[in-house]
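Structure at a glance
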Amino acid sequence: MPENTDGAPGDAAGGPPADAPVDPPTGPVADTGAGAAPAGVPAQAAGRHAGGAAGGAAGGPAGAPPGWDPKAWQAYQVRRQRAESGAWSIAPLAWAEAARPARTAPVPTAVLLAAVAAGLASGLFLGDGLGPGLLIAVVPAMAGAYLAARAARRRARPWSVAWAVGCAALLAVPALRDAGWPSTLALLAAVLLGALALHGSRTWPGVLLSPLGFVDSTVLGIRWAWNGLRSRGSGVDRTRWLPVAKAAAVALVLLVLFGTLFASADAAFADLLDGLTPEISLGDGPVRLVLFVLGAVLALAAARAAAAPSRWDRIRIAPGKPRSRVEWALPLIVLDLLFAGFNAVQLAVLFGGYDKVLESTGLTYAEYARQGFWQLLWATLLTLAVIALALRWAPRAGAGDRRFVRVVLGTLCALTLVVVASALRRMDLYVDAYGLTRLRVSVAAMELWLGLVIVLIMAAGVFGARWLPRAVAAGAAAAVLAFGLLSPDGLVAEKNVARFEQAGKLDLAYFQSLSADAVPALDRLPEPRRSCALRGINNELAGRGQVPWYAMSLGEYRARQILRERPVTASYEVCRSLGIFHSRTG
């Protein structure tokens, strides 16, 4: 995927970036530009309409047609240009003018074919659920984006390639894990990385706003494809396309004819063919049609963004007014002292033991751990907000001010890392007392990622902050990918089974809500606890019925195989006596 670069100061109104090729002046242009006169504008203004935007933007009366106030003409031109840019009509004016994508050449035929292939793959393989079919549907869309970028002469750069590879890896999580919550996080992170790969953003506004570019590129992509189809329809070369259509039709007829004959002649081949081909019925036709349209439109949006991305990095956020050292540093130094006092108490508790603390506070072992974790998590989040605001109003008169800011904020970051370690320690105590759950593993993973962000901020204070936005995005995506590959439901089951083997404590009721990823770990339990722990998962898999290969995750496949070899045998009464129908929260 290509990477965009920041525009030069002179092209803030939407011209091509410095490293992007300029569209040739000859040939048709797909997206309508400023050269066409709008309806309702006097005829004598049509000839100067192409320069009206520039003249109006400069505030000069020469760009306005007779009878128009120059300021009104300028406002009209801006509104018209924003309307032509699709979804930018709802964006703030400064953002719209800075980040509007460039015009593009007509859509290549290969991109249209890739969009159709993505739509067909979505309709065929996503109607029964996510799984390997998601990757199959995404591959044509990625190919179309690459072809569009290549046609626009945009170069693939290392960061863009890394974003694209990370996006593909995240999209593989639903093919590996049956649990829906890590798959959802992976899809959201894949959208972020895909947007970064297409738009090449590197600043904070670019990283945060890049996913919104899909809204704009969807509108522009549909228009782009429509203009391309309309221009091709007016001059179709039948001698070129008719033989291809005939050959495709003959190949399809031969494939269906001989495939049917071979399937009826051999049962093994029939089973193989039935397993490989999607089952389509009239009942799910509307759903598959919607998926076809959605897949094709998203593929066109990705291709349009690859050909002419939005220039998010041109959005500039003015720094706050610098404060004096005393005004800026006094609140932060007081906060540093508070953090230092809290961390000193934590170290005293660590070396003095928990028994004395529990005796003096009257709390139980688990209550002490649970009471502090959430407060410390919020303290970490608020610290990041304080650092962001402090940097905005930091004194920056010279090198001395910069060193002073680094010392104060570096001290705060270092003390915050101790708070992160304390929060994780408290969660470890709570897990030892009550076992691991989805919520606990999720918030612990979030606390770890927040600690990583603080480390990155400290590194940015030493080596410079230009790379920080992309590093934070990469860290978030890597954390989500690791979270999905780790299989949180499998980890929860593994830890609770190990806890049962050590202490004999087991909450069978909680296992009923886990996904099929937990089956390999729960399969180690002795009977009848094994059957009772797997009862809910077994009923859920049985309710799904026969799932095709392209909609089945690796976790579900392994679970079905285990339950097929060793079925659930415990009766309802036995499991009820063990307490699997008791409700549990947390």
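Since the structure is predicted, the reported quantities are computational estimates derived from the model, not experimental observations.

**Describing the overall build of the protein**
Within the protein, the secondary structure is distributed over 26 helices and zero strands. Buried residues in the protein amount to 43% of all 586 residues. Considering only residue pairs separated by 6 or more positions, the protein has 76% of its internal contacts joining residues 24 or more positions apart. Accessible surface, the protein as shown: approximately 29,900 Å² in total, 68% of it carbon and sulfur.

**A word on a nonpolar patch on the surface**
On the surface, a cluster of nonpolar side chains totalling about 580 Å² of accessible area is made up of V250, L254, L257, F258, L261 and F262. Note that L254 resides in helix α11 (residues 238-265).

**Quick look at the state of the cysteines**
Counting across every chain of the model gives one disulfide. A sulfur-sulfur separation of 2.2 Å characterises the disulfide bridge that pairs C532 with C575. Between C532 and C575, the S-S dihedral sits near -90°, and the bridge is therefore left-handed. In this pair, C532 is assigned in helix α23 (residues 529-533) and C575 in helix α26 (residues 572-578), connecting sequence segments 43 residues apart. Of the residues examined, C532 reaches a relative accessible area of 0% and is grouped as buried. Take C575: its relative accessible area is 0%, and that puts it in the buried class.

**As for the packing of aromatic side chains**
Going through the model one piece at a time under the given rule, you end up with seven aromatic pairs. Between the aromatic rings of W159 and W163, the centroid separation amounts to 5.1 Å while the plane-to-plane angle is 35°, which identifies the pairing as tilted. Of this pair, W159 and W163 both sit in helix α6 (residues 158-171), four residues apart, which is roughly one turn of that helix. Judged by its relative accessible area of 31%, W159 falls in the partly exposed class. Given a relative accessible area of 4%, W163 falls into the buried group.

**As for the nonpolar core**
One finds I457, L514, L522 and I537 to be the most contacted residues of the largest nonpolar core, which totals 52 residues. Examining the composition of this core, we find that nine residues originate from one element, helix α18 (residues 438-463), more than from any other. Every residue in contact with I537, bar those within four places of it in the chain, is listed here: F511, L514, S515, A516, A518, V519 and L522. Judged by nonpolar contacts, the second largest core, of 28 residues, contains A121, L170, L196 and A197.

**Comments concerning unusual backbone geometry**
Each neighbour pair has its own omega, and for E527 with P528 the value is 0°, a cis peptide bond. Tracing the chain through its elements places P528 in the loop between α22 (519-522) and α23. A positive phi is found at R153, a non-glycine position, where the angle reads about 60°. Along the chain, the position of R153 falls in the loop between α5 (132-151) and α6. At S487, a position not held by glycine, the phi torsion is positive, near 60°. As for its position among the elements, S487 is in the loop between α19 (468-486) and α20 (488-503). With a relative accessible area of 8%, S487 lands in the buried category.

**A few points about empty space enclosed by the protein**
Taken as a whole and judged by the stated rule, the model has two cavities of 30 Å³ or more. Empty space within the second largest cavity amounts to approximately 40 Å³. Lining the second largest cavity are P101, H199, D216, S217, L220, R304, A305, A308, P309 and S310. Within the residue set of the lining of the second largest cavity, elements represented by two or more residues are α10 (213-233) and α13 (285-307). The dominant element in the lining of the second largest cavity, judged by the number of residues it contributes, is α10, at three residues. Grouping the amino acids of the lining of the second largest cavity by side-chain chemistry returns five nonpolar, three polar and two charged.

**Section: the confidence of the model for the protein**
Summary statistics for the protein give a mean pLDDT of 78 and a share of 74% for residues scoring 70 or more. α22 holds the highest mean pLDDT among the elements of the protein, 94, whereas helix α1 (residues 49-58) holds the lowest, 39. Below a pLDDT of 50 lies the segment residues 1-62, which in the model reaches 128 contacts outside its immediate sequence neighbourhood of four places, other chains included.

**Quick notes on the packing of helix α17 (residues 399-434) against α18**
For the pair α17 and α18, the least separation of the axes is 10 Å and the interaxial angle reads 165°. In terms of axis orientation, α17 runs roughly antiparallel to α18. Judged by the sense of rotation from one axis to the other, the crossing of α17 with α18 is left-handed.

**Some thoughts on helix α4 (residues 109-125)**
The end-to-end C-alpha distance of α4 is 24 Å, a good match for the 24 Å that 17 residues give at a rise of 1.5 Å each. Of all the positions in α4, only V111, L112, A114, A115, A118, G119, A121, S122, G123 and F125 are classed as buried.

The rules behind these values
- Residues numbered from 1 in each chain as written.
- Predicted model: local features only at pLDDT ≥ 70, side-chain atom pairs only at ≥ 80, totals over all residues.
- Heavy atoms only, no water.
- Helix = DSSP H or I, 4+ residues; strand = E, 2+ residues; numbered from the N terminus.
- Buried < 20%, exposed > 50% of the residue type's maximum accessible area, 1.4 Å probe, protein only.
- Contact = heavy atoms within 4.5 Å.
- Areas by Shrake-Rupley, 256 points an atom, 1.4 Å probe, with all protein chains shown as cover.
- Patch = residues over 30% accessible without salt bridge, like charges linked within 9 Å, V, L, I, M, F, W, Y side chains within 5 Å.
- Salt bridge = Lys/Arg side-chain N within 4 Å of Asp/Glu carboxyl O.
- Disulfide = S-S within 2.5 Å.
- Phe/Tyr/Trp six-rings, centres within 6.5 Å; stacked < 30°, edge-to-face > 60°.
- Core = buried A, V, L, I, M, F, W, Y, C linked by side-chain atoms within 4.5 Å.
- 1 Å grid on protein atoms, 1.4 Å probe; cavity = no way out; pocket = protein on both sides within 12 Å on 5 of 7 lines; lining within 4 Å.
- Points joined across faces, edges and corners; volume = space filled by probe spheres on them.
- Nonpolar A, V, L, I, M, F, W, Y, C, P; charged D, E, K, R; others polar.
- pLDDT = per-residue confidence, 0-100.
- Axes fitted to C-alpha atoms, helices over the stretch in contact; angles between N-to-C directions.
- Parallel < 35°, antiparallel > 145°, perpendicular 65-115°, else oblique.
- Left-handed = near helix turned anticlockwise from the far one by under 90°.
- Expected span 1.5 Å × (residues − 1).

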